[in-house]
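# Chain and residue survey
Listed below, chain by chain, are the residues.
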Amino acid sequence: MPERTNRQWRLARRPVGPVSDSDFAWGAAPVPGLADGEVLVRNRWLSFDPHLAVDLRSTNVARGAVPIGAVVPALGVGEVVESRRSDLAVGDPVCGMLGWEEFTVTDGKGFLPMFRLPEGVPPPLALGVLGMTGMTAYFGVRTVGAVRPGETFVASGAAGAVGSVAVQLARRDGARTIGIAGGREKCDWLVREARVDAAIDYRTEDVAARLTALCPKGIDVYFDNVGGPVLDLVLIRLRRFGRVVLCGAISRYESVAPAPGPSNYPSLILRHGRMEGFLVSDYVERFPEALAALSEAVHAGEIRTREDVAVGLENAPRTFARLFSGENLGKQLLRLEA
Ligand SMILES: NC(=O)c1ccc[n+]([C@@H]2O[C@H](COP(=O)([O-])OP(=O)(O)OC[C@H]3O[C@@H](n4cnc5c(N)ncnc54)[C@H](OP(=O)(O)O)[C@@H]3O)[C@@H](O)[C@H]2O)c1
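These remarks concern the structure in this document. Here the structure is a predicted model, which is why all the values come from computation and not from measurement. Per chain, residue numbering runs from 1 following the sequence as it is written. In keeping with the predicted nature of the model, local features appear solely for residues at pLDDT of at least 70, side-chain atom pairs appear and are counted solely at 80 or more, and the whole-chain, interface and lining totals rest on all residues. The side-chain quantities take in all heavy atoms of the structure and omit both hydrogens and water.

For two strands to be treated as a pair, DSSP must find no fewer than two bridges joining them. Numbering of helices and strands starts at the N terminus; helices are DSSP runs of H or I of at least 4 residues and strands are runs of E of at least 2. Ordered in space as β10-β9-β8-β11-β12-β13, the six strands form an open sheet in which the pairing is parallel. Of all the strands in the sheet, just β10 (198-201) and β13 (274-277) have a single pairing partner and so form its edges. The average angle at which neighbouring strand axes cross in this sheet is 15 degrees, direction not considered. Sheet topology places strand β11 (residues 219-224) next to strand β12 (residues 238-246); five bridges connect them, and they run parallel. Each residue of the ladder has a partner; that of F223, found in β12, is V245. Where helix α3 (residues 132-144) meets the sheet, its contacts fall on β8 (152-156), β11, β12 and β13, and the angle it forms with β11 comes to roughly 155 degrees. Here, axes are lines fitted to C-alpha atoms. For helices the fit covers the stretch in contact, and angles between N-to-C directions go from 0 to 180 degrees. Whether two residues are in contact is decided by their heavy atoms, any of which lying within 4.5 Å being enough.

Buried Ala, Val, Leu, Ile, Met, Phe, Trp, Tyr and Cys residues that are joined via side-chain atoms within 4.5 Å together make up what is termed a nonpolar core. Here the term buried applies to any residue with accessible area under 20% of the maximum for its type, exposed to any over 50%, and partly exposed to those in between, with areas from a 1.4 Å probe on protein chains only. Ranked by internal contacts, the top residues of the largest apolar core, which has 52 residues, are F153, L190 and L294. Taken together, the elements giving at least two residues each to this core come down to β4 (73-83), α2 (123-127), α3, β8, α4 (161-172), α5 (184-192), β11 and α9 (287-299). Residue contributions to this core peak at seven residues, all from α3. With 21 residues, the next largest nonpolar core counts L52, L56, L323 and L334 among its residues.

On to the packing of aromatic side chains, then. When two rings of Phe, Tyr or Trp (its six-membered ring) have centres within 6.5 Å they constitute a pair, described as stacked for plane angles under 30 degrees, edge-to-face for angles over 60, and tilted for the intermediate range. Using the criterion set out here, one finds ten aromatic pairs in the structure. Residues F48 and W100 carry aromatic rings whose centres are separated by 5.8 Å and whose planes lie at 45 degrees to one another, so their mutual orientation is tilted. Taken together, the residues F48 in the loop between β3 (39-47) and α1 (52-57) and W100 in the loop between β5 (93-99) and β6 (103-106) connect sequence positions 52 residues apart. Judged by its relative accessible area of 4%, F48 falls in the buried class. Where F139 meets Y283, the ring centres are 4.5 Å apart and the plane angle is 5 degrees; that geometry is what we call stacked.

Over the atoms a probe the size of a water molecule is rolled, and this reveals where empty space is left. Grid points spaced at 1 Å over the protein atoms alone were grouped into cavities, where a 1.4 Å probe fits but cannot get out, and pockets, open sets with protein on both sides within 12 Å along at least five of seven lines, with lining residues defined by an atom within 4 Å of a point. Grid points are joined across faces, edges and corners, and a volume is the space filled by probe spheres set on the points. Of the pockets and cavities examined, the second largest pocket occupies roughly 300 Å³. What lines the second largest pocket is a set of 17 residues, among which F115, L130, G131, M135 and L291 lie closest to the centre. Contributions of two or more residues to the lining of the second largest pocket are made by α2, α3 and α9. Element by element, the count of residues in the lining of the second largest pocket is highest for α9, at four residues. Here the lining of the second largest pocket is built from residues that sort into 15 nonpolar, two polar and no charged. Nonpolar residues are Ala, Val, Leu, Ile, Met, Phe, Trp, Tyr, Cys and Pro. Charged residues are Asp, Glu, Lys and Arg, and all others, Gly as well, are polar.

Now for α5. Residues K186, C187, W189 and L190 constitute the buried set of α5. In a view along the axis of α5, the buried residues occupy a sector of 160 degrees, so they form one face of it. What points out from α5, more than 90 degrees from its buried face, is the exposed set E185 and R192. Those residues of α5 that are buried lie in contact with α4, β9 (176-181) and β10. What the arc covers is the set of directions going from the helix axis to the C-beta atoms.

Every case where a carboxyl oxygen of Asp or Glu lies within 4 Å of a side-chain nitrogen of Lys or Arg is listed as a salt bridge. Applying the stated rule across the entire model yields 24 salt bridges. Notably, a salt bridge pairs E82 with R4, separated by 3.1 Å at the nearest N-O pair. Of the two residues, E82 is situated in strand β4 and R4 in the segment before β1 (5-11); the sequence distance between them amounts to 78 residues. According to the relative accessible area criterion, R4 is partly exposed, its value standing at 23%. Each of R44, E79 and E337 takes part in salt bridges that share partners, so that together they form one network.

Once that is clear, we can look at empty space enclosed by the protein. Inspection of the entire model under this criterion finds one cavity of 30 Å³ or more. By volume, the largest cavity amounts to about 70 Å³. By residue number, the principal contributor to the lining of the largest cavity is α4, which donates three residues. Per-class residue counts for the lining of the largest cavity are three nonpolar, five polar and four charged.

Here we come to the site of the ligand. Around the ligand, a shell composed of 27 residues is seen, among which V162, K186, Y202, V280 and N328 lie nearest. Any N or O atom pair separated by 3.5 Å or less is treated as a polar contact, with the protein-specific requirement of one donor-capable and one acceptor-capable atom, and with residues adjacent in sequence counted only for side-chain atom pairs. Here K186 contributes a side-chain N or O atom positioned 2.7 Å from an oxygen atom of the ligand. Between the ligand and Y202 there is a distance of 2.5 Å, counted from an oxygen atom to a side-chain nitrogen or oxygen. For accessible areas, the Shrake-Rupley method is used with a probe of radius 1.4 Å. Any residue's cover is judged against the shown protein chains and nothing else. Out of a free accessible area of 910 Å², the ligand has 89% covered by protein chains. Those elements giving two or more residues to the shell around the ligand turn out to be α4 and α10 (316-325). In the shell around the ligand, the residues fall into 15 nonpolar, nine polar and three charged. A single heavy atom is enough: if one lies within 4 Å of a molecule or strand, its residue is considered near that molecule or strand.

See the structure below:
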């Protein structure tokens, strides 16, 4: 068999400021042979997660830093083209940790072990609402936020992958939902498709004034994807026994200097509030429960999904950058071939 060439993106240097193409090196390498227990996957779809920005800048490999020279890692969906694993056969569609490359050799181990894609689950859903994205929203809303009917629920990054599922789950659980997002198009989508009660465009509107008008009794649950000044505006409007779900802090991922902390945190004392961070990986054992609930909600039309699909592996760095410019609406994916 002729040797396969693997076009790929490797980390060339640690980004300073916004990521650019020149932080990565585009090249080709031969596909290595397989050891026992490994599979060769032809990558078809890649998922983009904002936290990669932290792992590209960090030097702490034990905590997830991407080593200089390594292929950029990404969750993805592909097809097994060679197998030395008894549970995965050639032709199987699989989902797991792949990378910004055409082929990945892997043993499929890790916090999300590689699995065969169930029949009928399209790759965009497996990487979106029925994957880590949906699971993050599910555990953030149901378990950490413990949203109750009649409560007021606010999310930032609300038109993004996790945020758009979070607001719809909270709505389904009977909360009044308010989404904060950048731009009219995103806010219109939130009201029309995600059916939130109100949307706030943080780029053009006075967020403090809008929150005061929309939440006269305060905020019960804040699902924070962003961090920064909006977190402060919410803290001071938190209701008694309010909860702040710390899902992500994308506004800080690209900054070099440490950002100031929220100055309104004493509200947590006065309102008996709680602010709690979580990682979706904390809940691996409950993934089947989340998957069942999310599948049912999607099939019932109660959660509407939106994907933003780029095409062509050569576009991976600029596709990743879309998460930080806010160009993506919904789950940012890349399809390797049109
Ligand atoms: N805890 C966990 O286990 C876990 C798991 C997965 C993801 N996360 C976190 O969840 C959050 C959302 O991830 P996602 O995959 O769903 O991404 P996403 O929301 O689909 O995309 C990122 C969005 O963030 C917004 N944004 C970017 N820079 C910003 C800034 N400086 N200030 C305010 N907003 C900014 C943009 O939306 P706008 O146009 O609206 O600004 C952009 O579209 C991230 O913080 C991520 O790290 C956490």
